[in-house]
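Here is how the chains run, residue by residue.
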Amino acid sequence: MKWFSSPVTHISGQIVPPGDKSCSHRAILFASLAKGTSYISGLLEGDDVLRTAAACRQLGANITRTGFGHWTVTGKGGFSQPDAPIDFGNSGTGSRLMMGAMAGYALRAELTGDESLCSRPMNRVLNPLYEMGAKAENAEDGRFPLTLIGSDQLQSIDYTSPVASAQVKSCVLLAGLKAKGTTILREARFTRDHTERMLTGFGVELSQKQDGDGQVVSIEGGQTLKAGDFTVPADPSSAAFLLATALIDPGSDVVIDGHMMNPTRNGFLRMIQKMADVELTYPRTVSGEDVVTVVIKGETGLKACDPPAEIVPAMIDEFPIFAVLAAFAKGETRVTGVEELRVKESDRITATVDMLRVNGVEVEELEDGFVIQGCDGKVPGGGTVEARHDHRIAMSALVMGVKAQKPVSVDDISMIATSYPEFFDHMAQLGADIREG
Ligand code: S3P
């Protein structure tokens, strides 16, 4: 059954987006590695995070939900042999971070996921783990399903990440926690730094030194995590769909609360500030993260704007919805240097190009991006978008329908629950008309 998003006349409301997905995975995982009981609030209860919680339970942690977004995690100070295969569903983050954490224990774990996850590259995390002394079986193609064989005798490494990836960085640092000696991770461009910030919050010592546009992170093996309390801030990647909905409606009046200002995550916000009139108020701090309230009051003309290369990691998940804004903007938008999008939940370059094309937008596909001819507010719509097991493609298409000339439909919305279970409620609160048909 398809889902349709039909044009509406007025978008308004005040919304707090759900808990951040990256921080939620890490909160559950780090609390599970600690010895003792941690209390987490604001947790995103999307399928991806629930899979991480289930995996941590299989590895020995005691995890209970005490209320909406409230979770209690009692860790044993490490992981033990799971008695069944671990299924990470759709989640690249859960699987790759957990592989780093599991690698330092003498266990064998069969790892699998859904069709999308089983097509995604795992060599980017397996390669450094092999260098440290972990092994894998059935991993010749570098894809799930495979069996990870950890070791309690890991060696530290000095690793330069070949891709700008917080997942690779986090995997190496988590394995480094259990390795002999100091593990050094070098990244040419700063990627999201939740692992560094949150490990510090869980009592781990690490050093970070800026190096050009990137950094060098060092972590000493043999450290233990201390249980504690953690409040998950709102997810800027989910907020982007609400902000885009407000920006494409000239008469909108929308307030989005708790937007993270972490410079490794606020690239989309920085871009829309160049394209439109966006007000930031009420700066404050939630669990060590600076957050603000974003106010958008009707936008009469979005200006096309090319994202500079250095902003890419800070908005890596926001390109499908950014492309929707570019389609509504006046002028041409050229997005380049985003080849990593080809290995996300779907090939997001092709999926984004097709999403726009079937809705009448002129767009050219590049090897490492796309060029969009903006419609100056008049996106034709009328097309059916293939979601391709990708939550962000499905949500982007439904946002486009809010102000396209004709309804936009999506063939499958099931994946939206992986990251934003409240998406339909929040869009309805803003005045969108999204229904099954
Ligand atoms: C994430 C890192 C990003 C991002 C993903 C979440 C994380 O992936 O796309 O949704 O929480 O570390 P890469 O680090 O592989 O770019």
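Residues numbered from 1 in each chain as written. Predicted model: local features only at pLDDT ≥ 70, side-chain atom pairs only at ≥ 80, totals over all residues. Heavy atoms only, no water.

Draft legend 1. View of the sheet that holds strand β4 (residues 62-67). The strand order across the open sheet formed by four strands is β4-β5-β3-β14, and the pairing between neighbours is mixed. The strands lining the two open edges of the sheet, one partner per strand, are β4 and β14 (229-231). Shown here is a sheet whose adjacent strand axes are inclined to one another by a mean of 20 degrees, direction ignored. Examined bridge by bridge, strand β3 (residues 35-41) and strand β5 (residues 70-76) share six bridges and lie antiparallel to one another. Opposite Ile 40, over in β5, you have Trp 71 as the bridge partner. Across the face of the sheet, helix α1 (residues 21-33) comes into contact with β3, β4, β5 and β14 while running at roughly 35 degrees to β5. (Pairing = 2+ DSSP bridges. Helix = DSSP H or I, 4+ residues; strand = E, 2+ residues; numbered from the N terminus. Axes fitted to C-alpha atoms, helices over the stretch in contact; angles between N-to-C directions. Contact = heavy atoms within 4.5 Å.)

Draft legend 2. Looking closely at the side chain of Arg 348. With respect to the element layout, Arg 348 can be found in helix α10 (residues 348-357). A relative accessible area of 0% means that Arg 348 is categorised as buried. (Buried < 20%, exposed > 50% of the residue type's maximum accessible area, 1.4 Å probe, protein only.)

Draft legend 3. View of the pairing of strand β7 (residues 108-112). Side chains of β7 alternate between two faces, with Ala 109 and Leu 111 buried and Arg 108, Glu 110 and Thr 112 left unburied. With two bridges joining them, strand β6 (residues 86-87) and β7 adopt parallel strand pairing. Looking at the pairing, Ile 86 lines up with Leu 111 of β7. Of the crossover connections in this fold, the one passing from β6 over helix α3 (residues 92-102) to the parallel β7 is right-handed. (Right-handed = clockwise from strand over helix to strand, strands pointing away.)

Draft legend 4. Looking closely at helix α6 (residues 194-201). When we look at burial in α6, the residues that qualify are His 194, Thr 195, Glu 196, Met 198 and Leu 199. Once α6 ends, the next one or two residues include Gly 203, with phi positive near 85 degrees.

Draft legend 5. Structural detail: the site of the ligand. The local shell around the ligand consists of Ser 22, Arg 26, Thr 93, Ala 164, Ser 165, Ala 166, Gln 167, Arg 192, Ile 316, Asp 317 and Lys 344. One nitrogen or oxygen atom from the side chain of Arg 26 is found 2.7 Å from an oxygen atom belonging to the ligand. Between an oxygen atom of the ligand and a side-chain N or O atom of Lys 344, the distance comes to 2.7 Å. Burial of the ligand by the protein chains amounts to 96% of its free accessible area of 380 Å². Counting residues per element, the ones that place at least two in the shell around the ligand are α1 and α5 (166-176). Classifying every residue of the shell around the ligand gives three nonpolar, four polar and four charged. In this structure, the shell around the ligand is formed jointly by two domains, domain 1 (3-19 + 234-436) and domain 2 (21-231), each of which donates at least three residues. (Near = heavy atom within 4 Å. Polar contact = N/O pair within 3.5 Å; in protein donor to acceptor, adjacent residues only side chain to side chain. Areas by Shrake-Rupley, 256 points an atom, 1.4 Å probe, with all protein chains shown as cover. Nonpolar A, V, L, I, M, F, W, Y, C, P; charged D, E, K, R; others polar. Domains from an automatic or database assignment.)

Draft legend 6. A look at the environment of Val 408. When you line up the elements, Val 408 lands in strand β22 (residues 408-410). The buried category is assigned to Val 408, whose relative accessible area is 0%. Here the alpha-carbon distance between Val 408 and Gly 437, two residues 29 residues apart in the chain, equals 12 Å. Once residues within four sequence positions are removed from consideration, Val 408 is found in contact with Trp 3, Phe 4, Ser 5, Asn 359, Gly 381, Gly 382, Gly 383, Val 385, Ala 397, Met 400 and Gly 401.

Draft legend 7. Expanded view of the nonpolar core. The biggest cluster of nonpolar side chains holds 76 residues, and the ones touching the most others in it are Phe 268, Leu 302, Leu 325, Leu 356, Ile 372 and Phe 423. No other element matches the nine residues that helix α9 (residues 319-328) contributes to this core. Setting aside residues up to four positions removed in sequence, Ile 372 forms contacts with Ala 323, Ala 326, Ala 327, Gly 331, Glu 332, Thr 333, Leu 356, Val 361, Glu 362 and Val 363. Formed by 68 residues, the second largest nonpolar core is a distinct cluster that contains Leu 129, Met 132, Leu 174 and Met 260. (Core = buried A, V, L, I, M, F, W, Y, C linked by side-chain atoms within 4.5 Å.)

Draft legend 8. Representation of the sheet that holds strand β2 (residues 12-15) within the structure. In space, the four strands of this open sheet follow the order β2-β15-β17-β16, with mixed pairing throughout. Strand pairing shows two members of the sheet lacking a second neighbour, β2 and β16 (279-286), which therefore form its edges. Along the sheet, successive strands turn relative to each other by an average axial angle of 15 degrees, direction set aside. Each of β2, β15 (253-260) and β17 (289-297) touches helix α7 (residues 236-247); the most contacted strand, β15, lies at about 160 degrees to it. Of the strands in this sheet, β2 and β15 touch helix α12 (residues 423-430), which is tilted by about 140 degrees from β2.

Draft legend 9. Region of interest: the packing of α7 against α12. Axis separation between α7 and α12 bottoms out at 11 Å; the angle between their running directions is 25 degrees. Between α7 and α12, the interaxial angle falls into the category roughly parallel. For the pair α7 and α12, the sense of crossing is right-handed. Along the contact surface, α7 presents Phe 241, Leu 242 and Thr 245, while α12 presents Phe 423, His 426, Met 427 and Leu 430. (Parallel < 35°, antiparallel > 145°, perpendicular 65-115°, else oblique. Left-handed = near helix turned anticlockwise from the far one by under 90°.)

Draft legend 10. Spatial organisation of α7. Along its 12 residues, α7 runs 16 Å from first to last C-alpha, staying within 8% of the 16 Å computed at 1.5 Å per residue. Of all 12 residues in α7, 12 are buried; the element is thus mostly enclosed. Along α7, the residues that are buried comprise Pro 236, Ser 237, Ser 238, Ala 239, Ala 240, Phe 241, Leu 242, Leu 243, Ala 244, Thr 245, Ala 246 and Leu 247. You can read the cap of α7 off the contacts: a side-chain oxygen lies 2.8 Å from the backbone nitrogen of Ser 237, and it is on Asp 235. (Expected span 1.5 Å × (residues − 1).)

Draft legend 11. Representation of the domain arrangement of the chain. Here the chain is described as being made up of domain 1 (3-19 + 234-436) and domain 2 (21-231). Here the C-alpha centre of domain 2 lies 29 Å away from the C-alpha centre of domain 1. Buried area between domain 1 and domain 2, both sides added, is near 2,300 Å², and the carbon and sulfur share of it is 49%. Among the residues domain 1 hides against domain 2, the three largest losses belong to Thr 264, Pro 313 and Thr 418. Together they make up 21% of the total. Between Glu 340 and Arg 124 there is a salt bridge, and its shortest N-O distance comes to 2.9 Å. (Buried area = accessible area lost by both parts, 1.4 Å probe. Salt bridge = Lys/Arg side-chain N within 4 Å of Asp/Glu carboxyl O.)

Draft legend 12. Layout of the packing of aromatic side chains. This structure, assessed with the given rule, holds eight aromatic pairs. Their ring planes at 85 degrees and their centres at 6.0 Å tell us that Phe 30 and Phe 202 sit as a pair that is edge-to-face. Placement of the pair is Phe 30 in helix α1 and Phe 202 in the loop between α6 and β12 (206-211), with a sequence separation of 172 residues. Taking the relative accessible area as the measure of exposure, Phe 30 reaches 0% and is therefore buried. (Phe/Tyr/Trp six-rings, centres within 6.5 Å; stacked < 30°, edge-to-face > 60°.)

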